[in-house]
Amino acid sequence: MLVLLGIAVIALGFLLRFNPLLVVAASALVTGLCAGIDPIAILAAFGKAFNQSRYVSVIYIVLPVIGLLERHGLQERARDLIAAFKGATVGRLLIGYMIFRQLSAALGLNSIAGPAQTVRPLVAPMAAAAAEKQGEPTGTDRIPAMAAATDNIGLFFGEDIFIAIGSILLMKGVLEGYGIDIQPIHLSLWAIPTAIAAALIHGTRLWLLDRRLRRTP
């Protein structure tokens, strides 16, 4: 019954509003000691659990780094960089980013870009700077929204090309339930025409956006 003291530690810790992570760790330690487990073995279990799920905590490291970079002028540097290129336009910039996003997602690299990692600190400010050169009023939300939409489209239609993505495995499981046996590679290959069509359609939207901006007095 002593092993149930871990539950009491959790209840008391939450009641006293201690740090949840500290409470859970203390509860696990108390439970292990009461069960007669060696302290070294308990520490090894903590290390193994952290090592197996370390990818979960990566975001808590990346986001503060991005915040510090923004505080020290990351967005301003991105705007200055795009302003230095005479031929840079919103459409060209976002088309290039969409192609990069689709190709990286097709390789399974979904997390190397995204709204928090690249769109807000880099792509949106660069697109806004290019739009201002083309006559877009300063401070509008249309260009940042288009940058975020471009990221979503590139990821959504690119990730299905990756053979081990969850959606491919889900479709395989559903089809098998109806007696249709199909390999994941075939689903991935059939996602390529859809990704190309999405790139052409959204690329046309971005091209038309460039034309509208050029006509803006």
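Preceding block: the structure.
Small disclaimer: the values here were computed from a predicted structure and weren't measured. (Residues numbered from 1 in each chain as written. Predicted model: local features only at pLDDT ≥ 70, side-chain atom pairs only at ≥ 80, totals over all residues. Heavy atoms only, no water.)

Within the protein chain, the regular secondary structure consists of ten helices and zero strands. Tracing the protein chain from N to C terminus, the helices and strands come up as α-α-α-α-α-α-α-α-α-α. The burial tally for the protein chain puts 31% of its 217 residues in the buried class. Long-range contacts, defined as pairs at least 24 residues apart, comprise 68% of the intrachain contacts of the protein chain with a sequence gap of at least 6. Surface summary for the protein chain: the accessible area is close to 13,900 Å², and the carbon and sulfur share equals 71%. (Helix = DSSP H or I, 4+ residues; strand = E, 2+ residues; numbered from the N terminus. Buried < 20%, exposed > 50% of the residue type's maximum accessible area, 1.4 Å probe, protein only. Contact = heavy atoms within 4.5 Å. Areas by Shrake-Rupley, 256 points an atom, 1.4 Å probe, with all protein chains shown as cover.)

On to the environment of Asn110. Looking at where Asn110 falls in the secondary structure, it is placed in the loop between helix H6 (90–106) and helix H7 (115–133). Excluding its chain neighbours within four sequence positions, the residues that come into contact with Asn110 are Arg101, Ala105, Leu155, Glu159 and Ile165. In this structure the side chain of Asn110 is engaged in a polar contact, spanning 3.4 Å, whose partner is the side chain of Glu159. (Polar contact = N/O pair within 3.5 Å; in protein donor to acceptor, adjacent residues only side chain to side chain.)

Moving on: the side chain of Asp210. For Asp210, the location among the structural elements is in helix H10 (residues 184–215). A polar contact of 3.0 Å, which involves the side chain of Asp210, links it to the backbone nitrogen of Gly91. Each residue touching Asp210, except ones within four places of it in the same chain, is listed here: Thr89, Val90, Gly91, Arg92 and Gln134.

On to the nonpolar core. Counting residues in hydrophobic clusters, the biggest one holds 22 residues, and the most contacted among them are Ile82, Val90, Leu94, Ala127, Ile143, Ala147 and Leu209. It is H7 that provides the largest number of residues to this core, a total of eight residues. In this structure Ile143 touches Val90, Ala127, Ala128, Ala131, Glu136 and Leu209, once residues within four positions along its chain are discounted. (Core = buried A, V, L, I, M, F, W, Y, C linked by side-chain atoms within 4.5 Å.)

So, on to the environment of Ala145. Relative to the helices and strands, Ala145 resides in helix H8 (residues 142–159). Spatially, the C-alpha atom of Ala145 lies 9.8 Å from that of Val119, the residues being 26 residues apart in sequence.

Before going further, it helps to examine the pattern of salt bridges. For the structure on display, the rule yields two salt bridges. Across the salt bridge formed by Lys172 and Glu176, the nearest N and O atoms sit 2.7 Å from each other. Here Glu176 and Lys172 lie together in helix H9 (residues 166–177), a separation of four residues that amounts to about one turn. Here Lys172 falls in the buried class, since its relative accessible area comes to 17%. (Salt bridge = Lys/Arg side-chain N within 4 Å of Asp/Glu carboxyl O.)

All right, on to the packing of aromatic side chains then. Tallied over the entire structure, the rule returns two aromatic pairs. On the numbers, 6.2 Å between centres and 45 degrees between planes, the contact of Tyr97 with Phe100 is tilted. Highlighted residues: Tyr97 and Phe100, both in helix H6, separated by three residues, approximately one helical turn. Between the aromatic rings of Phe156 and Phe157, the centroid separation amounts to 5.0 Å while the plane-to-plane angle is 75 degrees, which identifies the pairing as edge-to-face. Classification of Phe157 as partly exposed rests on a relative accessible area of 26%. (Phe/Tyr/Trp six-rings, centres within 6.5 Å; stacked < 30°, edge-to-face > 60°.)

What follows is about H8. For H8, spanning 18 residues, the distance from its first C-alpha to its last is 26 Å, which sits close to the expected 26 Å at 1.5 Å a residue. Those residues of H8 that fall on the buried side of the exposure criterion are Ile143, Met146, Ala147, Thr150, Asp151, Ile153, Gly154, Leu155, Gly158 and Glu159. (Expected span 1.5 Å × (residues − 1).)

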